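# Observations on chain architecture
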Amino acid sequence: QVQLVESGGGLVEPGGSLRLSCAASGILFRTAAVGWYRQAPGKERELVAGITILGTTNYVDSVKGRFTISRDNAKSTVYLQMNSLKPEDTAVYYCETKFSTGVEYWGKGTLVTVSL
C-alpha cells in the first residue's frame, strides 16, 4: 500500500520557520521525482518546489531564497525547509511523487498557518 504522510505544519508568526517532512512507503522512492504543492483557501493548487531523481531543484518565484527542498532516499523522505514565512504562505501543503511512467501519488496534506 502506497502512503505519503506529511508532517511539520502548524501555526507560526510572520518571519518564522517551519520544516515540513513527507515520508513515503510502498514505493521505490529514489526513482520518483518529488514535489511540494500548496493550496490556499479559494485558490488553485500550485507547485511550490520540486526535486528530481538526480537532486535538481526548482521553485516558484514567490519562495525562492526562502524555501529549500531536499530529499533523503535512505529514509524515503522529502523535506521542505521554509524560512522567513509570510502570511501569504498560509495553505495546505501536499507532497507528490511522480514516476517516469506518469504514475503519481499524493499525500493528504499538512496545514501551515502564518499569522500573529
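Before going into details, it helps to say that this report is about the structure given with it. (Residues numbered from 1 in each chain as written. Predicted model: local features only at pLDDT ≥ 70, side-chain atom pairs only at ≥ 80, totals over all residues. Heavy atoms only, no water.)

Before going further, it helps to examine the state of the cysteines. Overall, the coordinates contain one disulfide when judged by the stated rule. Paired through a disulfide, C22 and C95 show a sulfur-sulfur distance of 1.9 Å. With a gap of 73 residues between them, C22 in strand 3 (residues 18-25) and C95 in strand 9 (residues 91-98) connect regions that are remote in the sequence. (Disulfide = S-S within 2.5 Å. Helix = DSSP H or I, 4+ residues; strand = E, 2+ residues; numbered from the N terminus.)

When a protein is soluble and globular, its nonpolar side chains tend to lie buried together. By size, the foremost hydrophobic cluster in this structure holds 28 residues, and its most contacted members are W36, F67, V78, L80, M82 and Y93. Among the elements of the structure, strand 3, strand 4 (33-39), strand 5 (46-51), strand 7 (67-72), strand 8 (77-82), strand 9 and strand 11 (110-114) are those that each provide at least two residues to this core. No other element matches the four residues that strand 3 contributes to this core. Sequence-distant contacts of M82, defined by excluding residues within four places in its chain, comprise G16, S17, L18, L20, R66, F67, Y93 and V112. (Core = buried A, V, L, I, M, F, W, Y, C linked by side-chain atoms within 4.5 Å. Buried < 20%, exposed > 50% of the residue type's maximum accessible area, 1.4 Å probe, protein only. Contact = heavy atoms within 4.5 Å.)

Glancing now at the pairing of strand 3. In this structure, strand 1 (residues 3-7) lies alongside strand 3, joined through five bridges in antiparallel fashion. The residue bridging S7 from the neighbouring strand is S21, located in strand 3. Inspection of the sheet shows strand 3 paired to strand 8 by six bridges, in the antiparallel sense. Its bridge partner being in strand 8, R19 is matched across the sheet by Q81. (Pairing = 2+ DSSP bridges.)

Below, the discussion takes up the environment of A91. Here A91 lies in strand 9. When its relative accessible area of 2% is taken as the criterion, A91 is described as buried. When the C-alpha positions of A91 and G9 are compared, they lie 9.7 Å apart, and in sequence the two are 82 residues distant. Here A91 is in contact with R38, Q39, A40, T110, L111 and V112, once residues within four sequence places are set aside.

Going through the model one piece at a time under the given rule, you end up with two aromatic pairs. Over the face of the ring belonging to Y94 we find R45, whose NZ or CZ atom lies 3.9 Å from the ring centre. For R71, the ring lying beneath its charged end belongs to F29, and the centroid distance is 4.7 Å. (Phe/Tyr/Trp six-rings, centres within 6.5 Å; stacked < 30°, edge-to-face > 60°. Lys NZ or Arg CZ within 6 Å of the ring centre and 35° of its normal.)

Keep in mind that these numbers describe shape and distance, not what the molecule does.
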